[in-house]
Amino acid sequence: MVLSMKNVLSKIKKLFVSLFTTIKSALFVKDIKCIACSSELDKPNKYCMCEDCFAKLPYNNGHICYKCGTNIVGSGSYCLNCKDSQKDYEFARAPFIYGGVIQTLIYKLKYSRGKYLANYLSLFLVDEFIKTDWQIDAVVPVPLYIKREKKRGFNQATLLSSQFESVLNIPVISNNLVRLKNTPTQTKLTKIERKNNLDKAFKVLDKKEFKGKNVLLIDDVFTTGATTDECSKVLKSVGVKNIYVLTLAHVKLDIPMY
Ligand SMILES: [Zn+2]
Ligand SMILES: [Zn+2]
């Protein structure tokens, strides 16, 4: 009886210790590391990044195409692509040029168990959105082909949309626009090949849910714009009013795309 009482007391003590440790670690967070370089941060900050990495982010703040947001040289207002073709979306923007720190973070997010990074990266998209005057009713992540999503365990575009719901209270509709084909990477294809590659790749399941709405399409990287074009075409065809596009990064293409 005495022994069993001792056991009970010891269990209670352990329980208290474990409870205390949990509360302590929750209250006094230490070992906060920069999401890019893993160096220890003195104090927590919004993006969980050290000053060095934050300063090294490749901001897309130079001269950009008024329509698609790609970084351009010269004094014109549009890139070659937007000059020559009509788009179904209004505007596309990206806070960063693909490369350096942001490329590493996107890679980690997608391929290296970096799901947790999405909450921080999503904040960069929210900040970029706040700078615009876009009026939107819902956020729509660019879908992945179902088998690819199952293999990865998540769709990075859906994760990158998360803060629109939690910070701005804008609904995210992630299961209405779907991808029917697994399309290989677009970068090395010609314009015609890209078009064929994505032909009938996307579909809207419930047209009524999108009809008359203004939506914001979200993706991780804007490469050639072909995916954005195709998603926008499908969304427009079911009665979406205006489409805006935000991606984390815009690939800077050294050679003219078309
Ligand atoms: Zn760092
Ligand atoms: Zn453009």
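Here the structure is shown first, and the text comes after it.
These lines cover the structure that appears in this document, whether it is placed above or below. (Residues numbered from 1 in each chain as written. Chains lettered and ligands numbered in written order. Predicted model: local features only at pLDDT ≥ 70, side-chain atom pairs only at ≥ 80, totals over all residues. Heavy atoms only, no water.)

### So, the coordination of the zinc ion (ligand 1)
Six octahedral donors at a metal ideally form angles of 90 or 180 degrees, and four tetrahedral donors ideally form angles of 109.5 degrees. Short version of the rule: Note that water is not among the atoms used; donors are N, O and S atoms within 2.8 Å of the metal (3.2 Å for Na, K and Ca), so sites may look incomplete. In short, tetrahedral needs four donors with all angles between 85 and 135 degrees, square planar needs four and octahedral six donors with opposite donors over 155 degrees apart and all other angles between 65 and 115, and whatever is left is irregular. The cut-offs for exposure are 20% and 50% of the maximum accessible area for each residue type, with area from a 1.4 Å probe on protein chains only; residues under the lower value are buried, those over the upper are exposed, and the others partly exposed.
Those donors, Cys34 (SG), Cys37 (SG), Cys50 (SG) and Cys53 (SG), are the protein atoms that reach the zinc ion (ligand 1), and they lie 2.3 Å from it. Coordination at the zinc ion (ligand 1) is tetrahedral, judged from the four donor atoms that bind it and the angles of 102 to 115° they form at the metal. Residue classification places Cys50 among the buried positions, given a relative accessible area of 11%.

### So, helix H7 (residues 156-166)
Stated precisely, the cut-off is as follows: Secondary structure elements are defined from DSSP: runs of H or I of at least 4 residues count as helices, runs of E of at least 2 residues count as strands, and each element is numbered from the N terminus. Along the arc lie the directions from the helix axis toward the C-beta atoms. Note on definitions: a residue-residue contact is assigned when non-hydrogen atoms from the two residues lie within 4.5 Å. Whenever two N or O atoms come within 3.5 Å, that pair is a polar contact, provided that in protein one can donate a hydrogen and the other can accept it, and provided that, for residues adjacent in sequence, both atoms are side-chain atoms.
Within H7, the full set of buried residues consists of Gln156, Ala157, Leu160, Ser161, Gln163 and Phe164. Projected onto a plane normal to the axis of H7, the buried residues spread over an arc of 135° and lie on a single side. Buried positions along H7 lie against helix H4 (100-111), helix H5 (117-131), strand E3 (138-141), helix H6 (146-152), strand E6 (214-222) and strand E7 (242-250). Sitting at the amino-terminal end of H7 is Asn155, which places a side-chain oxygen 3.0 Å from the backbone nitrogen of Ala157.

### Some words on the coordination of the zinc ion (ligand 2)
Donor atoms from the polypeptide that bind the zinc ion (ligand 2) are Cys65 (SG), Cys68 (SG), Cys79 (SG) and Cys82 (SG), placed at 2.3 to 2.4 Å. In this structure, the zinc ion (ligand 2) is coordinated by four donor atoms arranged in tetrahedral fashion, with angles at the metal of 105 to 117°. In the primary sequence, the donor residues of the zinc ion (ligand 2) line up as C-x2-C-x10-C-x2-C. With Cys68 in the loop between helix H2 (51-56) and helix H3 (80-84) and Cys79 in the loop between H2 and H3, this pair connects stretches of sequence that are 11 residues apart.

### A short note on the nonpolar core
Applied cut-off: Within this scheme, the nonpolar core is defined by two criteria: the residues are buried Ala, Val, Leu, Ile, Met, Phe, Trp, Tyr or Cys, and they are joined through side-chain atoms within 4.5 Å.
Among the nonpolar cores identified, the biggest contains 39 residues, and Met49, Leu121, Phe164 and Leu216 are the most heavily contacted of them. Going through the elements one at a time, H4, H5, H7, E6 and E7 are the ones with two or more residues in this core. With eight residues, the top contributor of residues to this core is H5. Among all residues touching Met49, those that are not within four sequence positions of it are Cys34, Ile35, Ala36, Leu41, Phe54, Leu57, Val101, Leu105 and Phe124.

### Topic: the pairing of E6
Here is the rule: Pairing between two strands requires that DSSP report at least two bridges joining them.
For E6, a buried count of nine out of nine residues is recorded, marking the element as mostly surrounded by other parts of the structure. Strand direction decides the pairing type here: E3 and E6, joined by four bridges, are parallel. Looking across to E6, one finds that Val139 is bridged to Leu216.

### Some points on the pattern of salt bridges
Our working definition: The term salt bridge refers to a side-chain nitrogen of Lys or Arg lying within 4 Å of a carboxyl oxygen of Asp or Glu.
Tallying each qualifying case throughout the model produces five salt bridges. The salt bridge partner of Lys131 is Glu128, with a shortest N-O separation of 3.0 Å. Of the two residues, Lys131 and Glu128 both sit in helix H5, three residues apart, roughly one turn of that helix. Relative accessible area serves as the criterion here: at 66%, Lys131 is assigned to the exposed category. The closest approach of N and O atoms between Lys233 and Glu230, which form a salt bridge, is 3.6 Å. Linking Lys233 with Glu230, this pair stays in helix H10 (residues 226-237), spanning three residues, or about one helical turn. The partly exposed category is assigned to Lys233, whose relative accessible area is 37%. Accessibility expressed as a relative area gives 9% for Glu230, which makes it buried.

### Thoughts on the packing of aromatic side chains
What counts, and what does not: Planes of paired rings set the category: under 30 degrees apart is stacked, over 60 is edge-to-face and the rest tilted, where pairs are Phe, Tyr or Trp rings (Trp by its six-membered ring) whose centres lie within 6.5 Å. For a lysine, the NZ atom is tested; for an arginine, the CZ atom; a charge sits over a ring if that atom is within 6 Å of the ring centre and within 35 degrees of the ring normal.
Considering all chains together, one arrives at 10 aromatic pairs under this definition. Judged by centre distance (6.3 Å) and plane angle (70°), the ring pair of Phe54 and Tyr59 falls under edge-to-face. Residue classification places Phe54 among the partly exposed residues on the basis of a relative accessible area of 32%. The class of Tyr59 is partly exposed, set by a relative accessible area of 32%. Here Tyr59 and Phe96 contribute two aromatic rings whose centre-to-centre distance is 5.3 Å and whose plane-to-plane angle is 45°, an arrangement assigned as tilted. Placement of the pair is Tyr59 in the loop between H2 and H3 and Phe96 in strand E2 (residues 96-97), with a sequence separation of 37 residues. In this structure an aromatic cluster arises from ring pairing among Tyr47, Phe54, Tyr59, Phe96 and Phe124. Above the face of the Tyr89 ring, Lys67 is positioned so that its terminal group lies 5.8 Å from the ring centre. The ring of Phe91 carries Lys67 above its face, with NZ or CZ at 5.9 Å from the centroid.

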